[in-house]
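# Descriptive structure summary
Spelled out from the first residue to the last, the chains are:
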Amino acid sequence: MHLRKRSRWWWLGPLASTVIFGASLVVLWHIISQMEPGQLAGAFANASLRQLGLASCFTALSYLLLTGYDALALRRLGLSIAYRTTALASFTSYSVSFTLGFPIVTGGTVRYWIYSPKGVRASEVASLTVIAGITFWLGLGAILCASLVYSAGSVAMLARTSPLVVQIVGGLVGLGIIGYLIWIATGERSLRVRGWNLHLPGLGTTLGQMALGACEVSAAAAVLFVLLPGGYNLDYPTFLAAYIFACLIGIASHAPGGLGVFEATMLVALNRLPYEQVLGALLMFRVIYYVVPFILALAMLALNEIIRRIRRHEP
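Now for a quick tour of the structure.

### Quick look at the overall build of the protein chain
For the protein chain, the helix and strand inventory stands at 13 helices and two strands. For the protein chain, with 315 residues in total, the buried portion stands at 47%. When contacts within the protein chain are restricted to residue pairs at least 6 apart in sequence, long-range pairs at least 24 apart make up 70% of them. Within the structure as shown, the protein chain displays about 16,400 Å² of accessible surface, and the carbon and sulfur contribution to it stands at 68%.

This is how it looks when you write it as structure tokens:
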């Protein structure tokens, strides 16, 4: 009975993947059509080769660290998958979900597309996606706490509030993380949603998640930081706080990739810097960190499907 049911609905996975792929092409066209060619060309012309090289390197580092999210989650689930498959699933799922938004649906669908031929079940893909999400949020929280506490004065100037308020917010974030670590350390914890059960990683793995997530968030933020105009006494820890806050606003807006919302928040936070140069840096960041990996991911997904179909029809 169970086998018959699975056979009956086998087409849902390929259909969802096709819909995601088609939606990706539509969103990509929308993003590119919204860009002013002259403005984009001017932004890249004004950037130095050093800035563009560093931004590209930090982008590669960020996506490389993102593959660790999947690798760590697979290890926690007791699944043995070749790293090349893990890297493909991670890179394509994040590139697509960063641009389309709704990572549980979009990222989970792309992961299932890649992992299912390797014997990974849909429930395991869902568990993997949740564990990877926890890694991101732990890293984001750790970096936010550190930047708010370390650069309270500078962040307060950007936010037009008092350093004490900034330190209190940083302290509350830190207490939340410590509370989660204590909760994890005092016993085996699990998430239960309508019959679906996920055993959460223990303290050791959770600390690894936090370190990995913190490094990845820092690398992603560095992409934009190196593209900003220099000489305005903006230190990296202060910038990190503004970057993470803009990310949170973008995530809360549910706009695909935080498009428009992230940029507007960063422009407000960095209003002491030249407006046109910051706008140019944000435009280059959007292209280097989102659009280029997105195009590459779509090409890799198409190539992977072509190779899969060829192998399927080999005698």
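That covers the picture; the talk isn't over yet.
### Some thoughts on the nonpolar core
Counting residues in each nonpolar core, the largest one holds 53 residues, and the members touching the most others are Leu 224, Leu 227, Phe 239, Tyr 243, Phe 262 and Phe 285. Here this core takes ten residues from helix 10 (residues 203-227), the largest share from any one element. In this structure Leu 224 touches Phe 239, Tyr 243, Phe 262, Met 266, Ala 281, Leu 282 and Phe 285, once residues within four positions along its chain are discounted.

### Observations concerning the pattern of salt bridges
Within this structure, the stated rule accounts for five salt bridges. For Arg 309, the salt bridge goes to Glu 305, with nearest N and O atoms at 3.2 Å. Of this pair, Arg 309 and Glu 305 both sit in helix 13 (residues 275-312), four residues apart, which is roughly one turn of that helix. Residue classification places Arg 309 among the partly exposed positions, given a relative accessible area of 45%. Accessibility expressed as a relative area gives 15% for Glu 305, which makes it buried. Overlapping salt bridges bring together Glu 305, Arg 308 and Arg 309 as one network.

### Some remarks on the packing of helix 7 (residues 122-150) against helix 9 (residues 163-185)
The geometry of a pair of packed helices is captured by two quantities: the angle between their axes and the separation between those axes. As a packed pair, helix 7 and helix 9 sit with axes 8 Å apart at the nearest point and diverge in direction by 145°. In this structure, helix 7 meets helix 9 at a crossing whose hand is left-handed. On helix 9, the residues that touch Ile 134, Leu 138, Gly 141, Ala 142, Leu 144, Cys 145, Leu 148 and Val 149 of helix 7 are Val 166, Val 169, Gly 170, Gly 171, Val 173, Gly 174, Ile 177 and Tyr 180. In terms of residue class, the contact of helix 7 with helix 9 is built from twelve nonpolar, four polar and no charged.

### Overview of the packing of helix 5 (residues 83-100) against helix 13
Their axes nearest at 8 Å, the elements helix 5 and helix 13 cross at an angle of 130°. Looking at the two axes, helix 5 sits oblique to helix 13. Crossing hand, helix 5 versus helix 13: left-handed. Judged by residue contacts, Leu 88, Phe 91, Thr 92, Ser 95, Val 96, Phe 98 and Thr 99 of helix 5 engage Tyr 289, Tyr 290, Pro 293, Phe 294, Leu 296, Ala 297, Met 300, Leu 301 and Asn 304 from helix 13. Grouping the constituent residues of the contact of helix 5 with helix 13 by class yields twelve nonpolar, four polar and no charged.

### Some thoughts on a nonpolar patch on the surface
Taken together, the side chains of Leu 164, Ile 168, Leu 172, Leu 175, Ile 178 and Ile 182 present a nonpolar region at the surface, about 620 Å² in accessible area. Counting through the fold element by element, Leu 164 comes out in helix 9. With a relative accessible area of 55%, Leu 164 lands in the exposed category.

### Side note on helix 8 (residues 152-159)
Listing the buried residues of helix 8 in full gives Ala 152, Val 155, Ala 156 and Leu 158. Looking down the long axis of helix 8, one finds its buried residues gathered within 160° of arc, a one-sided arrangement. Along its buried surface, helix 8 packs onto helix 7, helix 9, helix 11 (236-253) and helix 12 (261-269). Positive backbone phi, at 55°, marks Arg 160, one or two positions downstream of helix 8.

### Structural notes on the side chain of Ser 127
Residue position: Ser 127 is located in helix 7. With residues up to four places along the chain from it excluded, the contact list for Ser 127 reads Leu 77, Trp 196 and Leu 198.

### With respect to the packing of aromatic side chains
Considering all chains together, one arrives at 19 aromatic pairs under this definition. Look at Phe 98 and Tyr 289: their rings are 6.1 Å apart centre to centre, the planes differ by 25°, and that puts the pair in the stacked class. With Phe 98 in helix 5 and Tyr 289 in helix 13, the pair connects residues that are 191 residues apart, well separated along the chain. The exposure class assigned to Phe 98 is partly exposed, which follows from its relative accessible area of 23%. Residues Tyr 289 and Tyr 290 carry aromatic rings whose centres are separated by 5.3 Å and whose planes lie at 80° to one another, so their mutual orientation is edge-to-face. Like Tyr 289, the residue Tyr 290 is buried in the burial classification. Geometry around Tyr 94 places Arg 111 over its ring, the cationic atom sitting 4.9 Å from the centre. In this structure, Arg 286 packs its charged tip against the face of Tyr 290, placed 4.5 Å from the ring centre.

### Observations regarding helix 13
Between its first and last C-alpha, helix 13 extends 54 Å over 38 residues, near the 56 Å set by a 1.5 Å rise per residue. The largest bend in helix 13 is about 30°, located at Val 287.

### Points about the side chain of Ser 93
Mapped onto the fold, Ser 93 is located in helix 5. You can call Ser 93 buried: its relative accessible area is 0%. Of note is the side chain of Ser 93, whose polar atom sits 2.7 Å from the backbone oxygen of Ala 89. A distance of 3.1 Å separates the side chain of Ser 93 from the backbone oxygen of Ser 90, its partner in a polar contact. Once you skip the residues sitting within four places of it in the chain, Ser 93 turns out to touch Gly 107, Val 110 and Arg 111.

What counts and what doesn't
- Going along each chain's sequence as written, the residues are numbered from 1 onward.
- Where local features are concerned, this predicted model is filtered to residues with pLDDT of at least 70; where side-chain atom pairs are given and counted, the filter is 80 or more; whole-chain, interface and lining totals use all residues.
- Hydrogens and water molecules were not included; the side-chain quantities draw on all heavy atoms of the structure.
- Helix and strand definitions here come from DSSP, where helices need a minimum of 4 consecutive H or I residues and strands a minimum of 2 consecutive E residues; each element is numbered from the N-terminal end.
- Throughout this description, buried means an accessible area under 20% of the type-specific maximum (1.4 Å probe, protein chains only), exposed means over 50%, and partly exposed covers the range between.
- Whether two residues are in contact is decided by their heavy atoms, any of which lying within 4.5 Å being enough.
- Areas reported as accessible are Shrake-Rupley estimates using a 1.4 Å probe. Residue values count occlusion only from the protein chains shown.
- Working definition of a nonpolar core: buried Ala, Val, Leu, Ile, Met, Phe, Trp, Tyr and Cys residues. They are joined through side-chain atoms within 4.5 Å.
- Salt bridges are counted wherever a side-chain nitrogen of Lys or Arg sits within 4 Å of a carboxyl oxygen of Asp or Glu.
- Lines are fitted to the C-alpha atoms to define the axes, a helix being fitted only along its stretch in contact, and any angle between axes, read from their N-to-C directions, falls within 0 to 180 degrees.
- By definition, turning the near helix anticlockwise from the far helix through less than a right angle yields a left-handed crossing, and turning it clockwise yields a right-handed one.
- Here the term charged refers only to Asp, Glu, Lys and Arg, the term nonpolar to Ala, Val, Leu, Ile, Met, Phe, Trp, Tyr, Cys and Pro, and the term polar to all other amino acids, Gly among them.
- Orientation labels follow simple angle bins: below 35 degrees gives roughly parallel, above 145 gives roughly antiparallel, 65 to 115 gives roughly perpendicular, and whatever is left gives oblique.
- Patch membership requires over 30% relative accessible area and the absence of a salt bridge. Like charges are linked within 9 Å, and nonpolar side chains (Val, Leu, Ile, Met, Phe, Trp, Tyr) within 5 Å.
- Arc definition: directions from the helix axis to the C-beta atoms.
- Paired rings are identified among Phe, Tyr and Trp, the last through its six-membered ring, by centres lying within 6.5 Å, and are further divided according to the angle between planes into stacked (under 30 degrees), edge-to-face (over 60) and tilted (the rest).
- Distance and angle both matter: a charge sits over a ring if NZ of Lys or CZ of Arg is within 6 Å of the ring centre and within 35 degrees of the ring normal.
- A helix is expected to reach a length of 1.5 Å times the quantity of its residues less one.
- The angle between axes fitted to the seven residues ending at a residue and the seven residues starting there is what we call the bend at that residue.
- Two N or O atoms count as a polar contact when they lie within 3.5 Å, although within protein this holds only if one can serve as hydrogen donor and the other as acceptor, and sequence-adjacent residues are included solely when both atoms are side-chain atoms.

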